[in-house]
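If you want the building blocks of each chain, they are given just below.
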Amino acid sequence: MYDGDVLAGNWRRPGKGKIPQVPAEPDLVVEDADSGFCGAVVACDKEAVTLEDRFGKRRLFPLAPAAFLLEGRPVTLVRPAPAPAAKGPARSASGSIAVSGLRARVARESRIYVEGVHDASLVEKIWGHDLRVEGVVVEYLEGVDDLPAIVAEFGPEPGRRLGVLVDHLVPGSKESRIAAQVSSPHVLIVGHPYIDIWQAVKPSVLRIPGWPDVPRGVPWKEGVIAALGWRMEPAEAWRRILGAVSTYTDLEPELLGRVEELIDFVTEAT
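Thresholds, definitions, all that
- Residues numbered from 1 in each chain as written.
- Predicted model: local features only at pLDDT ≥ 70, side-chain atom pairs only at ≥ 80, totals over all residues.
- Heavy atoms only, no water.
- Pairing = 2+ DSSP bridges.
- Helix = DSSP H or I, 4+ residues; strand = E, 2+ residues; numbered from the N terminus.
- Axes fitted to C-alpha atoms, helices over the stretch in contact; angles between N-to-C directions.
- Core = buried A, V, L, I, M, F, W, Y, C linked by side-chain atoms within 4.5 Å.
- Buried < 20%, exposed > 50% of the residue type's maximum accessible area, 1.4 Å probe, protein only.
- Contact = heavy atoms within 4.5 Å.
- Right-handed = clockwise from strand over helix to strand, strands pointing away.
- Parallel < 35°, antiparallel > 145°, perpendicular 65-115°, else oblique.
- Left-handed = near helix turned anticlockwise from the far one by under 90°.

K.L.:
Can you help me understand the sheet that holds strand 10 (residues 162-166) in this one?
P.N.:
In a beta sheet, neighbouring strands are held together by backbone hydrogen bonds and run either parallel or antiparallel to one another. In space, the four strands of this open sheet follow the order 9-8-10-11, with parallel pairing throughout. Pairing within the sheet leaves two strands with one partner each, and these edge strands are strand 9 (137-140) and strand 11 (187-191). When the angles between neighbouring strand axes are averaged without regard to direction, this sheet yields 20 degrees. Here strand 10 pairs with strand 11 via five bridges, running parallel. Bridging across to strand 11, Gly-163 finds its partner in Leu-188.

As structure tokens, this is what we get:
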């Protein structure tokens, strides 16, 4: 119970008393003054805060002045100050130690293949530094239907290894059946469970509650765009997604581990 009606009068009007600014720290419990939604802070960026109520429901609210109630009193939530940078070596986007003054190593014969241009651009953005240090080239296939023939054409052998990253590599899938046709010890095929590489980006990075389910028969990318209410073509949607990614923490672990595994495989001495 609160003393009096905290919403009585125009308490947001300037001059009605200074509204305190409160950092939106994780687990801080506040109430949205307009809707009455009450929840704990689970995420905050420079424009909005995400609250989660006791039932696990999440909602996104803009960081407007005097938009929240804390213990019944109006407050303005602000983005928390970043934690002081830890002293130590600089890190690349993948979390590895960055090599200053890097000159790309002469490319190895070994390669990493990914399914499409979106996969390649995401791998480059996060692991590009590491790949240049190791001299590993990433190429894209435009699908894996012809993977056995592509592997045979590559000609894997000792010192010439091939790593392949496959979308939706789960038991019983078409991709798993194709991958099973390749048995060379100089080839490593790994995959993630996502239908498309888009799903490897954490939904929170894009400020969406989750990746929507797309009905069978509907092209996946177009179905996602429609469900999210994005009025744009897939290429523009991908630019939006990729632009929101800046570090490995923005990606799901199921992708991180597989890419690191491929890099280790193709750079391992034979």
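Once the structure has been displayed, the description carries forward.
K.L.:
Any chance you could explain the nonpolar core here in plain terms?
P.N.:
For soluble globular proteins, nonpolar side chains are generally found buried alongside one another. Counting 38 residues, the largest nonpolar core has Trp-127, Trp-198, Trp-211 and Leu-251 as its most contacted members. Counting residues per element, the ones that place at least two in this core are strand 8 (111-114), helix 1 (117-134), strand 11, helix 5 (220-228), helix 6 (234-243) and helix 7 (253-267). Ignoring anything within four residues of it in the chain, the contact list for Trp-211 reads Trp-198, Gln-199, Val-201, Pro-203, Leu-206, Trp-220, Val-224, Leu-228 and Ile-241. Formed by 14 residues, the second largest nonpolar core is a distinct cluster that contains Tyr-113, Val-164, Ile-178 and Val-182.

K.L.:
Quick question: what am I supposed to make of the pairing of strand 11 here?
P.N.:
Regular strands place their side chains on alternate faces of the sheet. Burial of strand 11 is extensive: five of the five residues sit out of reach of the surface. Side chains Val-187, Ile-189 and Gly-191 project from strand 11 onto one buried face, and the interleaved Leu-188 and Val-190 project onto a second face that is buried too. This β-α-β element, strand 10 to helix 3 (residues 174-179) to strand 11, shows right-handed connectivity.

K.L.:
Whenever I open this one, the packing of helix 1 against helix 6 confuses me. Can you help?
P.N.:
To describe two helices that pack against each other, one gives the angle between their axes and the distance between the axes. Two elements in contact, helix 1 and helix 6, have axes separated by 11 Å at closest approach and are oriented at 20 degrees. As far as their axial angle goes, helix 6 and helix 1 are roughly parallel. The way helix 1 lies across helix 6 gives a crossing that is right-handed. Along the contact surface, helix 1 presents His-118, Ser-121, Leu-122 and Lys-125, while helix 6 presents Trp-238, Leu-242 and Gly-243.

K.L.:
Can you walk me through unusual backbone geometry in this structure?
P.N.:
Phi is mostly negative for residues that are not glycine, and the peptide bonds are mostly trans. One non-glycine residue, Asp-27, adopts positive backbone phi at about 80 degrees. Secondary-structure assignment places Asp-27 in the loop between strand 1 (21-23) and strand 2 (29-32). Residue Asp-27 is classed as exposed on the basis of its relative accessible area, which comes to 63%. Positive phi, normally seen in glycine, also occurs at His-168, with a value near 55 degrees.

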